[in-house]
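# Observations on the three-dimensional arrangement
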2 protein chains.
Amino acid sequence: MKIDIASKISSGVSRVKAYTPGEQPDTSDWVKLNTNEFPFPPSPKVKEAIMAEIGDDGASLRLYPNPESSKLREAIAKHFGVSREYAFAANGSDDILNLAIRAFCDKSKTVVTLEPSYSLYPVLAKLQDTELLSIPFNADMSIPFEKINNSGANIFFFVNPNAPTGIGFGEEVVRKIVENFNGIVLVDEAYSPFAGWSAAKLVEEYNNLIVTGTSSKGWGLAGMRIGWGLANPMVLEVLDRVRDSYNLDRLAQVAGVAALNDNAYYAEKLQLVLQERENIERYFDSLGWRYFKSSANFVLFTPKTKDGKEGVDVAKSLFEHLRKNKILLRYFPNEASINMSIRLSIGTQEQMLKFVDATNQWINL
Amino acid sequence: MKIDIASKISSGVSRVKAYTPGEQPDTSDWVKLNTNEFPFPPSPKVKEAIMAEIGDDGASLRLYPNPESSKLREAIAKHFGVSREYAFAANGSDDILNLAIRAFCDKSKTVVTLEPSYSLYPVLAKLQDTELLSIPFNADMSIPFEKINNSGANIFFFVNPNAPTGIGFGEEVVRKIVENFNGIVLVDEAYSPFAGWSAAKLVEEYNNLIVTGTSSKGWGLAGMRIGWGLANPMVLEVLDRVRDSYNLDRLAQVAGVAALNDNAYYAEKLQLVLQERENIERYFDSLGWRYFKSSANFVLFTPKTKDGKEGVDVAKSLFEHLRKNKILLRYFPNEASINMSIRLSIGTQEQMLKFVDATNQWINL
């Protein structure tokens, strides 16, 4: 039968466009500073673990993976210092954000977030046909606690450190939110390795807290899709109802365990990233450019022309100049609050020098 | 804050229990015939492809995968002989079933299926808070076409060959369904490699047809979570709105391409599976046991005691006897229409002989 496809689409999905992820160029000749990947390879233990799982002939791959990702959950719990039953694993932390929306939102149970936040949240809300209330940060970029608490929402998506600004909030802020919000608080900690602290341990104190994380940013494993959640076992039981039975393949499970167990390797590499972040902030200072002091592995900055002009056109001009030089950053032309700014992922020293050179060139065009 | 978790759950998820997948024992000393995995390792090309992707130090793993799984979509299209734009890839075919329910079902747009069918469908429907109408097969196990067409449902989930019976339907049946059902027809072809034909090519004729498949059953890659869908590009565009941006990791993408390109390897192994299926059906014939003639890689059979008794207790007794002998089958005690039967995955010759030996022993207990 020839049917009218549009008339068959569910009410949530009919109002949504697909989320547009950052560009992933196919060739390796790019200086790729657009999607906040870790600039170093994963721990050598990751390759070892994958090789061991594959074995001589890949025979283990014919069998379904462990449905609960049990060993990975153990490694997550150990890494964050919580009991085993507080840990959950999924196909990237985006998977957990999606599961949380499905588990805790519907027509009458809504979601609240701050503006700006991770741009995936509104897409997930529409797909679930639920309302997303987006509350702007205060002018000084502090959190409007009362507005959040009075929103009537069932769940609060709080990305910390914030994306796309990079601003980080400390433990007392998270506690203040979790203690006063009458619903689930999901703290999206994709960037917490660069902030130096995690709210993970608080899940043993508060049953309304979910802390999510990912191996994509801090562990050099964006290509493997490994995410985690920490929460009260009663909350995890609800997420388990929604998740796919075999949400993580065998190689992702062993890769995640190997990475989370090699703290020494990542601590060393992390220092290099933090040093480059410091260097690049000093560079923007030297130019007199505005940026948000970052607790993440990226900096959102507002470029200026030589004669001191900022604006959408200015940002676009620098973005395109860099692109022509095969340096890829992330630019959000359609988001009014940040369309004068560009987001720069922190790369290796070599990558940062290339960015600085090309930017200096643009200034003097 | 201490909240009442139950009061926070969304309306769909609050009425659902997690789907229970088949048991996945952790040790390798089991004869595992419970979840219909392919009994042979994947093509040697799979390991090669994974090794090439990992390279010397796993550096490629730090970068996000291709969001569309472009090369895998190409391999899928080529394998099934359709144009590139008709192919879609996901994290196992369960992922696509879930996406299809989200894309095409809501409170007023419902789903219809046959009974019995794959037991995941009712779980996915509840999660989406939509109604699933389950229409029994006719007594002769033929399809009640009129009832399906008059169901008023928006989408029909049709598993072919059927799970858990293994009964296969041919092209004329699929055409008759697709031509007369006023909605989307999803043909779940997890087991089609063992039926010798696929409806995949029909997606170029009918815009209301989705054909799904998986590398888990016919390609020895259950551990890698690689599924596919074939459908009109307008339908795939809707599924793309719902899927996770990076739904397949890098290693799964290259593994899927390598497997789908090695037809020679799989054709040879497939013959061995079909031979064992033939042998085991002859064995059940010799015992005078009932079973459904299978077009899949499993047989649903109804055991009998020496004195000719069938029943729930009899099935349970054999299931447990086999289990004691470390031979694991799938048994559905809570599904009334099939609780006198047990499902046996077709394994290697050696595994089948172990099953026959232990079954003969049980008969003579």
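Bear in mind that the values here come from a model prediction, so they are computed numbers and not experimental data. (Residues numbered from 1 in each chain as written. Chains lettered and ligands numbered in written order. Predicted model: local features only at pLDDT ≥ 70, side-chain atom pairs only at ≥ 80, totals over all residues. Heavy atoms only, no water.)

Here we come to the overall build of chain A. Within chain A, the secondary structure is distributed over 13 helices and 13 strands. In terms of overall dimensions, chain A is globule-like: its C-alpha atoms have a radius of gyration of 21 Å, near the 21 Å expected for 365 residues. Dimensions of chain A along its principal axes, counting C-alpha atoms only, are 60 × 60 × 55 Å. Across the 365 residues that make up chain A, the buried fraction comes to 64%. A sequence separation of at least 24 residues applies to 72% of the contacts in chain A between residues at least 6 apart. Accessible area for chain A stands at about 13500 Å²; split by element, carbon and sulfur atoms hold 50% of it. Charged side chains of chain A number 40 positive and 44 negative; the gap between the two group centres comes to 4 Å. (Helix = DSSP H or I, 4+ residues; strand = E, 2+ residues; numbered from the N terminus. Rg over C-alpha atoms; globule rule 2.2 N^0.38 Å. Buried < 20%, exposed > 50% of the residue type's maximum accessible area, 1.4 Å probe, protein only. Contact = heavy atoms within 4.5 Å. Areas by Shrake-Rupley, 256 points an atom, 1.4 Å probe, with all protein chains shown as cover. Lys, Arg positive; Asp, Glu negative; His and termini not counted. Charge placed at Lys NZ, Arg CZ, Asp CG, Glu CD.)

Here the focus is the packing of aromatic side chains. Residue and element names in this part refer to chain A. Counted under the stated rule, the structure contains 48 aromatic pairs over all chains. Ring centres of Tyr-191 and Phe-298 lie 4.9 Å apart, and the angle between their planes is 80°; on these two criteria the pair is classed as edge-to-face. Highlighted residues: Tyr-191 in the loop between β6 (184-188) and β7 (209-214) and Phe-298 in strand β10 (residues 298-302), separated in sequence by 107 residues. Since its relative accessible area comes to 0%, Phe-298 is described here as buried. (Phe/Tyr/Trp six-rings, centres within 6.5 Å; stacked < 30°, edge-to-face > 60°.)

The next subject is the sheet that holds strand β9 (residues 290-291) of chain A. Residues and elements named next belong to chain A. Strand order in the open sheet formed by four strands is β9-β10-β13-β12, with antiparallel pairing between adjacent strands. A single partner strand is all that each edge strand has here, and the edge strands are β9 and β12 (330-331). Pairing between β12 and strand β13 (residues 342-345): two bridges, direction antiparallel. By the bridge assignment for β13, Arg-330 is matched with Arg-343. Of the strands in this sheet, β9, β10 and β13 are in contact with helix α11 (residues 263-287), which crosses β10 at around 5°. (Pairing = 2+ DSSP bridges. Axes fitted to C-alpha atoms, helices over the stretch in contact; angles between N-to-C directions.)

Attention shifts here to the sheet that holds strand β5 (residues 155-159) of chain B. Residue and element names in this part refer to chain B. Read from one edge of the open sheet, seven strands run β2-β8-β7-β6-β5-β3-β4, paired in mixed fashion. Edge strands, defined here as strands with exactly one partner in the open sheet, are β2 (87-90) and β4 (132-136). Strand-to-strand, the axes of this sheet are offset by a mean angle of 25°, without reference to chain direction. Two strands pair when backbone bridges link them, and β2 and strand β8 (residues 227-231) are joined in this way by four bridges, in the antiparallel orientation. Note that in β8 the partner of Ala-89 across the bridge is Trp-228. The sheet strands contacting helix α4 (residues 93-104) are β2, β3 (111-115), β5, β6 (184-188), β7 (209-214) and β8, and the helix crosses β7 at an angle near 155°. The strands touched by helix α9 (residues 233-242) are β2, β6, β7 and β8; relative to β2, the strand with the most contacts, the crossing angle is about 25°.

This brings us to the side chain of Thr-214 of chain B. Among the structural elements, Thr-214 of chain B can be located in strand β7. In terms of polar contacts, Thr-214 of chain B uses its side chain to reach the backbone amide nitrogen of Ser-216 of chain B, at 2.9 Å. (Polar contact = N/O pair within 3.5 Å; in protein donor to acceptor, adjacent residues only side chain to side chain.)

The next thing to look at is the pairing of β7 of chain A. All names here are of chain A. Among the six residues in β7, six count as buried, and that is most of the element. Of the two faces of β7, the one lined by Leu-209, Val-211 and Gly-213 and the one lined by Ile-210, Thr-212 and Thr-214 are each fully buried. Strand direction decides the pairing type here: β6 and β7, joined by four bridges, are parallel. Opposite Val-187, over in β7, you have Val-211 as the bridge partner.

What follows is about the domain arrangement of chain A. Residues and elements named next belong to chain A. Here chain A is described as being made up of domain 1 (5-42 + 264-363) and domain 2 (44-262). Each of domain 1 and domain 2 has a C-alpha centre, and the two are 23 Å apart. With 33 residues of domain 1 in contact, the opposing surface of domain 2 contributes 33 residues. Summing both partners gives a buried area of about 2700 Å² for domain 1 against domain 2, and 62% of it is carried by carbon and sulfur. At the boundary of domain 1 and domain 2, one finds one salt bridge. Where Arg-15 meets Asp-129, a salt bridge forms, and the shortest distance between an N and an O atom there is 3.5 Å. Joining domain 1 to domain 2, the criterion identifies eleven residue pairs in polar contact (both at pLDDT 80 or more). When residues of the side of domain 1 that touches domain 2 are assigned to their parent elements, the largest contribution, seven residues, is made by α11. Taken together, the residues that form the side of domain 1 that touches domain 2 break down as 18 nonpolar, eight polar and seven charged. (Domains from an automatic or database assignment. Buried area = accessible area lost by both parts, 1.4 Å probe. Salt bridge = Lys/Arg side-chain N within 4 Å of Asp/Glu carboxyl O. Nonpolar A, V, L, I, M, F, W, Y, C, P; charged D, E, K, R; others polar.)

On to unusual backbone geometry. The omega torsion of the bond from Glu-115 of chain A to Pro-116 of chain A falls at 0°, within 30 degrees of zero and hence cis. Residue placement: Pro-116 of chain A occurs in the loop between β3 (111-115) and α5 (120-127). In the Ramachandran plot, Lys-326 of chain B falls in the positive-phi region, its phi being about 60° despite a non-glycine side chain. Structurally, the position occupied by Lys-326 of chain B is in the loop between α12 (312-324) and β11 (327-328).

The subject of this paragraph is the pairing of strand β4 (residues 132-136) of chain A. Regular strands place side chains that alternate from one sheet face to the opposite one. All names here are of chain A. Here β3 pairs with β4 via five bridges, running parallel. From the neighbouring strand, Leu-114 faces β4, where its bridge partner is Ile-135. As a crossover connection, the stretch from β3 through α5 into β4 is right-handed. (Right-handed = clockwise from strand over helix to strand, strands pointing away.)

A common way to state how big an interface is: give the accessible area lost once the parts meet. The interface of chain B with chain A comprises 91 residues on the first partner and 90 residues on the second. In total, chain B and chain A occlude about 7400 Å² of area from one another, counting both sides; carbon and sulfur atoms represent 54% of this. The interface formed by chain B and chain A holds two salt bridges in total. Arg-225 of chain A is the partner of Asp-244 of chain B in a salt bridge, and the nearest nitrogen-oxygen pair spans 3.8 Å. The interface formed by chain B and chain A includes 50 residue pairs in polar contact (both at pLDDT 80 or more).

It is worth spelling out the relation of the copies chain B and chain A at this point. With an axial shift of 0.0 Å and an RMSD of 0.0 Å, the rotation relating chain B to chain A amounts to 180°. Taken together, the rotation angle and the small translation identify this as a two-fold axis. Of the residues that chain B buries at the interface, 99% are likewise interface residues in chain A, meaning the two copies contact each other through the same surface. (Least-squares fit on C-alpha atoms with pLDDT ≥ 70 in both.)

Take the pattern of salt bridges next. Residues and elements named next belong to chain A. All told, the structure shown has 36 salt bridges over all chains when counted by the stated rule. The partner of Glu-205 in a salt bridge is Arg-175, and the shortest N-O contact between them spans 2.8 Å. Here Glu-205 is found in the loop between β6 and β7, whereas its partner Arg-175 is found in helix α7 (residues 171-180), with 30 residues between them in sequence. Note on Arg-175: relative accessible area 22%, which makes it partly exposed. Salt bridges here are not isolated pairs; linked through shared partners, they connect Arg-15, Lys-107 and Asp-129.

Our next topic: helix α5 (residues 120-127) of chain B. Residue and element names in this part refer to chain B. Most of α5 sits out of view: six of its eight residues are buried. The set of residues buried in α5 consists of Leu-120, Tyr-121, Val-123, Leu-124, Ala-125 and Leu-127. Positive phi appears at Asp-129, one or two residues downstream of α5, with a value of about 60°.

It is worth spelling out α11 of chain A at this point. Spanning 25 residues, α11 of chain A covers 36 Å between terminal C-alpha atoms, matching the ideal 36 Å at 1.5 Å per step. Gly-288 of chain A, located one to two residues past α11 of chain A, shows a positive phi value of around 75°. (Expected span 1.5 Å × (residues − 1).)

With that settled, consider the packing of α11 of chain A against helix α13 (residues 349-363) of chain A. Residue and element names in this part refer to chain A. Direction vectors running N to C along α11 and α13 enclose 10°, while the axes themselves pass 10 Å from each other. Taken as axis vectors, α11 and α13 run roughly parallel relative to one another. Classified by chirality, the crossing of α13 by α11 is right-handed. When α11 is examined against α13, the residues Glu-276, Ile-280, Tyr-283, Phe-284 and Leu-287 are found in contact with a partner set consisting of Gln-349, Met-352, Phe-355, Val-356, Thr-359, Asn-360 and Ile-363. Residues belonging to the contact of α11 with α13 are distributed by class as follows: eight nonpolar, three polar and one charged. (Parallel < 35°, antiparallel > 145°, perpendicular 65-115°, else oblique. Left-handed = near helix turned anticlockwise from the far one by under 90°.)

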